[in-house]
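Here is how the chains run, residue by residue.
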Amino acid sequence: MAVAEDVCTETTGATAVGVPAASAMAVGTAAQEVGLKRGEFAIAVHLGLIRLMVPQNGGRPMVGRDEIERLRSQDGFPETLRERVRTVGTAEGARRLGISPDRFTRFARAGCLTPITFYLNRYRAIVWLYLADELTGFAAREPQLLTGRSPGWLRDRLEGGADCRAGNWRSRRVERLLSLTEDPWARVAVLADTLDPVQLAEVVDDPYERAYLARLRPEPAFGPTGPVWARETMAHLMRADEPDELLWRRVNLIMELDNAREVRPAPRPGGDGRAIPSPGSERAPAPDPRADADADADADADARSQSKSRSRSRSRSGPESDLVPGIPSSVPPSPCPGPGPGHAPTGAAEPVVGLLARIGLRRRTSREANRRQSPPRRATFGE
């Protein structure tokens with residue numbers, strides 16, 4: 001039994017409207033109306049050839065009757081639409097290009113050809129499918145690759161064990177989904193789907209945000225169909241596995257996450273709609289103007305106390321140059337220093353984690369907490 005991949009029909013970016021029953025139909029009915037098979041309809045939605053609508057009260061996406069009429073009014077319908085979503089496998093694709101199936105597979109593994117979808121055969125092996133139109137365009141652009149000896153860069157890539165099919169398919173899908181939505185958290189959810197749970201927790205360390213992203217994950221138009229092993233294979237293919245791709249996905253996820261936090265915070269249980277600083281957020285809590293007078297008084301008192309302490313220290317220990325200062329005056333202070341011991345208020349925001357640390361390093365929260373709680377110590381040069 002073959003299992004087709006219907007995930008190309010995710011509804012991210014679909015128009016959310018109140019859909020009257022008389023003006024819309026289910027996607028299965030719409031596929032029959034335009035003369036497309038289930039997989040062909042999924043590809044048409046993925047390519048933007050068919051627009052979906054999502055009811056405001058939730059539920060499965062639908063297709064408006066005006067959209068069906070628009071498709072029917074196009075020249076050459078339905079043959080033109082079918083040809084645009086026609087897919088071929090390795091054998092037929094090789095015949096179209098006039099090359100052997102082995103050479104076709106080498107092109108695909110090297111990244112010259114990008115799959116549009118796939119299915120799992122009865123042996124649960126992945127069978128990649130390609131758009132027939134794109135193969136025709138490839139033959140017109142790169143005729144020199146179809147004859148003669150393969151270039152050196154292609155041979156080197158294949159000898160290194162490269163297989164770009166899953167990565168290219170994943171990139172194509174992510175780019176399409178991002179182009180369909182402007183909602184910042186929906187864009188984060190698309191990128192979060194490319195990381196495994198451990199990698200995702202390192203970048204999005206707020207569990208409420210991760211739960212929110214899980215709810216925003218794009219849903220297939222035909223619903224979560226298929227056996228469990230097929231869904232597990234799909235989840236595995238969705239996750240980046242090469243170091244370069246992992247780094248790229250994490251960088252993009254961090255940028256989209258910071259933008260989403262700026263627009264609005266993720267909802268929390270029992271929240272009253274106020275913006276709650278998220279872990280790792282670069283925004284500090286808004287100051288309370290009523291506390292300005294007390295803060296100024298405390299600052300004056302601290303300044304007088306520190307001045308007296310320095311005077312006593314100089315009288316006991318000699319010149320101040322005998323001590324190693326905590327931060328040399330010639331070096332600018334850290335832009336986001338952590339709060340000193342005994343001065344951190346309850347619920348204070350965490351120090352900002354740098355971009356490089358958030359990409360490649362795990363945050364050692366307990367170690368950082370112990371470091372902040374340890375009082376600063378001045379050491380003499382003789383130590």
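Just above sits the structure.
Residues numbered from 1 in each chain as written. Predicted model: local features only at pLDDT ≥ 70, side-chain atom pairs only at ≥ 80, totals over all residues. Heavy atoms only, no water.

Quick notes on the overall build of the chain
Argument step 1. Each helix and strand in the chain was counted, giving 17 helices and eight strands.
Argument step 2. Within the span of the chain, comprising 383 residues, buried residues form 35% of the whole.
Argument step 3. For the chain, the share of sequence-separated contacts (at least 6 apart) that also reach a separation of at least 24 residues comes to 74%.
Argument step 4. Element-wise, carbon and sulfur atoms account for 52% of the exposed surface of the chain, whose accessible area totals about 22,600 Å². (Helix = DSSP H or I, 4+ residues; strand = E, 2+ residues; numbered from the N terminus. Buried < 20%, exposed > 50% of the residue type's maximum accessible area, 1.4 Å probe, protein only. Contact = heavy atoms within 4.5 Å. Areas by Shrake-Rupley, 256 points an atom, 1.4 Å probe, with all protein chains shown as cover.)

Looking at the pattern of salt bridges
Argument step 1. In this structure the tally under the stated criterion is 18 salt bridges.
Argument step 2. Across the pair Arg172 and Glu134 runs a salt bridge whose closest N-O atoms are separated by 2.1 Å. Here Arg172, found in helix 9 (residues 165-179), pairs with Glu134, found in helix 7 (residues 132-141); they are 38 residues apart in sequence, far enough to count as distant.
Argument step 3. Taking relative accessible area as the criterion, Arg172 reaches 19% and is therefore assigned buried.
Argument step 4. One salt bridge connects Arg261 with Glu209, and the closest N-O pair in it is separated by 2.7 Å. Taken together, the residues span a long stretch of sequence, with Arg261 in helix 14 (residues 243-263) and Glu209 in helix 12 (residues 207-215) at a distance of 52 residues. A single burial state applies to Arg261 and to Glu209, both of which are buried.
Argument step 5. Put simply, Arg170, Asp241, Glu245 and Arg249 are held in one network by salt bridges that share partners. (Salt bridge = Lys/Arg side-chain N within 4 Å of Asp/Glu carboxyl O.)

Focus on the packing of helix 5 (residues 90-97) against helix 6 (residues 101-110)
Argument step 1. The N-to-C vectors of helix 5 and helix 6 enclose an angle of 100°; their axes lie 8 Å apart at closest approach. Taken together, the axes of helix 5 and helix 6 lie roughly perpendicular to each other. Where helix 5 abuts helix 6, its residues Thr90, Gly93, Ala94 and Leu97 lie against Pro101, Phe104 and Thr105.
Argument step 2. Residues of the contact of helix 5 with helix 6, tallied by class, amount to four nonpolar, three polar and no charged. (Axes fitted to C-alpha atoms, helices over the stretch in contact; angles between N-to-C directions. Parallel < 35°, antiparallel > 145°, perpendicular 65-115°, else oblique. Nonpolar A, V, L, I, M, F, W, Y, C, P; charged D, E, K, R; others polar.)

Here's the deal with helix 12
Argument step 1. What helix 12 keeps buried is the set Glu209, Tyr212 and Leu213. Projected down its long axis, helix 12 carries its buried residues within an arc of 100°, all on one side. Seen from the buried face of helix 12, the exposed residues on the opposite side, beyond 90 degrees, are Ala214 and Arg215.
Argument step 2. The distance from a side-chain oxygen at the start of helix 12 to the backbone nitrogen of Tyr208 is 2.9 Å, and the residue carrying that oxygen is Asp206. (Arc of directions from axis to C-beta. Polar contact = N/O pair within 3.5 Å; in protein donor to acceptor, adjacent residues only side chain to side chain.)

Notes on the side chain of Arg103
Argument step 1. Inspection of the secondary structure assignment puts Arg103 in helix 6.
Argument step 2. The side chain of Arg103 is buried and forms no salt bridge, while Asp102, the nearest opposite charge, is found at 8.1 Å.
Argument step 3. In terms of polar contacts, Arg103 uses its side chain to reach the backbone carbonyl oxygen of Gly148, at 2.7 Å.
Argument step 4. Aside from chain neighbours lying at most four places away, what touches Arg103 is Leu145, Leu146, Thr147, Gly148, Arg149 and Ser150. (Lys, Arg positive; Asp, Glu negative; His and termini not counted.)

Let's talk about the packing of aromatic side chains
Argument step 1. According to the stated counting rule, one finds six aromatic pairs in the structure shown.
Argument step 2. Between Phe104 and Tyr130, the ring centres sit 5.2 Å apart and the planes meet at 85°, which makes this aromatic pair edge-to-face. One end of the pair, Phe104, is in helix 6; the other, Tyr130, is in strand 8 (residues 126-131), with 26 residues separating them in the sequence. In this structure, Phe104 and Tyr130 share a single accessibility class: buried.
Argument step 3. On the basis of an interplanar angle of 65° and a centroid distance of 5.6 Å, the ring pair of Trp185 and Tyr212 is categorised as edge-to-face. Pair noted here: Trp185 is in helix 10 (residues 184-192) and Tyr212 is in helix 12, with a separation of 27 residues, a long-range link. In this structure, Trp185 and Tyr212 share a single accessibility class: buried. (Phe/Tyr/Trp six-rings, centres within 6.5 Å; stacked < 30°, edge-to-face > 60°.)

What to know about the pairing of strand 7 (residues 117-120)
Argument step 1. In terms of strand pairing, strand 7 meets strand 8 through four bridges, oriented antiparallel. Pairing of Tyr119 across the sheet is with Val127, part of strand 8.
Argument step 2. With antiparallel pairing between neighbouring strands as the criterion, strand 7 and strand 8 make up a hairpin whose turn holds five residues, including Arg124 at a positive phi of roughly 65°. (Pairing = 2+ DSSP bridges.)

Considerations on the pairing of strand 8
Argument step 1. One ladder, built from two bridges, connects strand 6 (residues 87-88) with strand 8; its direction is antiparallel. In the strand pairing of strand 8, Thr87 is matched with Leu131.

As for helix 7
Argument step 1. Listed in full, the buried residues belonging to helix 7 are Ala132, Leu135 and Phe138. For helix 7, the angular spread of the buried residues around the axis is 115°, confining them to a single face. In helix 7, the exposed residues that point more than 90 degrees away from the buried face are Ala140 and Arg141.
Argument step 2. Packed against the buried residues of helix 7 are strand 6, helix 5, helix 6 and strand 8.

Treat this as a map of the structure, not an account of what it does.
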